[in-house]
Amino acid sequence: MHELSICQSIVDAVERHAAGRPVRAVHLTVGALRQIVPDTLTFCWELVTEATPLAGSQLVVDHVAAVVRCLPCNRRQTLTEMNLVCDVCGGSDLSIVAGEEFLITTLELAEA
Ligand SMILES: [Zn+2]
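Residues numbered from 1 in each chain as written. Predicted model: local features only at pLDDT ≥ 70, side-chain atom pairs only at ≥ 80, totals over all residues. Heavy atoms only, no water.

Peer 1: Would you explain the overall build of the chain in this entry?
Peer 2: The secondary structure content of the chain amounts to two helices and six strands. On C-alpha atoms alone, the chain measures out to a radius of gyration of 18 Å, which is more than a quarter above the 13 Å that the 2.2 N^0.38 rule sets for 112 residues. When the backbone C-alpha atoms are referred to their principal axes, the chain occupies close to 55 × 25 × 15 Å. Per-residue burial for the chain yields a buried fraction of 32% across its 112 residues. Within the chain, contacts between residues at least 6 apart in sequence are counted, and of these 72% link residues at least 24 apart. As displayed, the chain offers around 6900 Å² of accessible surface, 52% of which is attributable to carbon and sulfur atoms. Looking at the chain, you have 7 positive and 14 negative side-chain charges, and the mean spots of the two groups are 9 Å apart. (Helix = DSSP H or I, 4+ residues; strand = E, 2+ residues; numbered from the N terminus. Rg over C-alpha atoms; globule rule 2.2 N^0.38 Å. Buried < 20%, exposed > 50% of the residue type's maximum accessible area, 1.4 Å probe, protein only. Contact = heavy atoms within 4.5 Å. Areas by Shrake-Rupley, 256 points an atom, 1.4 Å probe, with all protein chains shown as cover. Lys, Arg positive; Asp, Glu negative; His and termini not counted. Charge placed at Lys NZ, Arg CZ, Asp CG, Glu CD.)

Next up, the structure:
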């Protein structure tokens, strides 16, 4: 379960940025290609933050679909396991436009 180690590294980054200030919520953007299950991630967040200053804070996962662009015809489409070729020309020369994101977007700090 790699979500656990991911959560640990988020905790490290958040604690560095919060610098001792109480954190209410952490917003995270995760692309579909990252193969991360948002529910598992929020579950692991509770485990990892328990008994730390981040206990009780909320992890808000913003899931981004994978989008590809067909290089020959420029068509953009959402990538699923069912369509690994272009809907329009059938080409498989696709460039990833979105879906590889993994970043902490916002830290909500509580009133001190
Ligand atoms: Zn195409």
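Peer 1: What is the right way to look at the UniProt feature "binding site: Zn(2+)" (unreviewed entry) in the chain in this model?
Peer 2: In this numbering, the UniProt entry assigns the feature "binding site: Zn(2+)" (unreviewed entry) to Cys 70, Cys 73, Cys 86 and Cys 89. These annotated residues cover 20 residues of sequence, and their C-alpha atoms all fall within 8.7 Å of one another, placing them together at a single site. Residue placement: Cys 70 occurs in strand S3 (residues 67–70). Sequence-distant contacts of Cys 70, that is, excluding residues within four places in its chain, are made with Arg 75, Cys 86, Cys 89, Asp 93 and Leu 94. (UniProt positions renumbered as here; feature names shortened; annotations may be inferred.)

Peer 1: Whenever I open this one, the coordination of the zinc ion confuses me. Can you help?
Peer 2: Reference values for coordination geometry: four tetrahedral donors around a metal ideally subtend 109.5 degrees, six octahedral donors ideally subtend 90 or 180 degrees. Around the zinc ion, the protein contributes the donor atoms Cys 70 (SG), Cys 73 (SG), Cys 86 (SG) and Cys 89 (SG), which lie 2.3 Å from the metal centre. If you look at the zinc ion, its four donor atoms make angles of 104 to 122° with each other, and the shape they trace is tetrahedral. Read in sequence order, the donor residues for the zinc ion give the motif C-x2-C-x12-C-x2-C. Take Cys 86: its relative accessible area is 4%, and that puts it in the buried class. A relative accessible area of 42% places Cys 89 in the partly exposed class. (Donors = N, O, S within 2.8 Å, 3.2 Å for Na, K, Ca; no water. Tetrahedral: all angles 85-135°; square planar, octahedral: opposite > 155°, others 65-115°.)

Peer 1: Would you explain the pattern of salt bridges in this entry?
Peer 2: Pairs can form between side chains of opposite charge once their charged atoms are near each other. Scanning the entire structure with this criterion turns up one salt bridge. When the shortest N-O distance is used, the salt bridge between Asp 87 and Arg 75 registers 3.1 Å. Of this pair, Asp 87 sits in the loop between strand S4 (76–78) and strand S5 (94–98) while Arg 75 sits in the loop between S3 and S4; the two residues are twelve residues apart in sequence, bridging distant segments of the chain. A relative accessible area of 48% places Asp 87 in the partly exposed class. (Salt bridge = Lys/Arg side-chain N within 4 Å of Asp/Glu carboxyl O.)

Peer 1: Would you take a moment to explain the pairing of S3 for this structure?
Peer 2: Within a regular strand, side chains alternate between the sheet's two faces. Pairing of S3 with S4, which is carried by three bridges, proceeds in the antiparallel orientation. Considered in S4, the bridge of Val 68 is made with Gln 77. The turn linking S3 back onto S4 is made up of five residues, and Asn 74 within it adopts a positive phi angle of 75°. For S3 and S5, the ladder comprises four bridges, and the chain directions are antiparallel. The residue of S5 that forms the bridge with Val 68 is Ile 96. (Pairing = 2+ DSSP bridges.)

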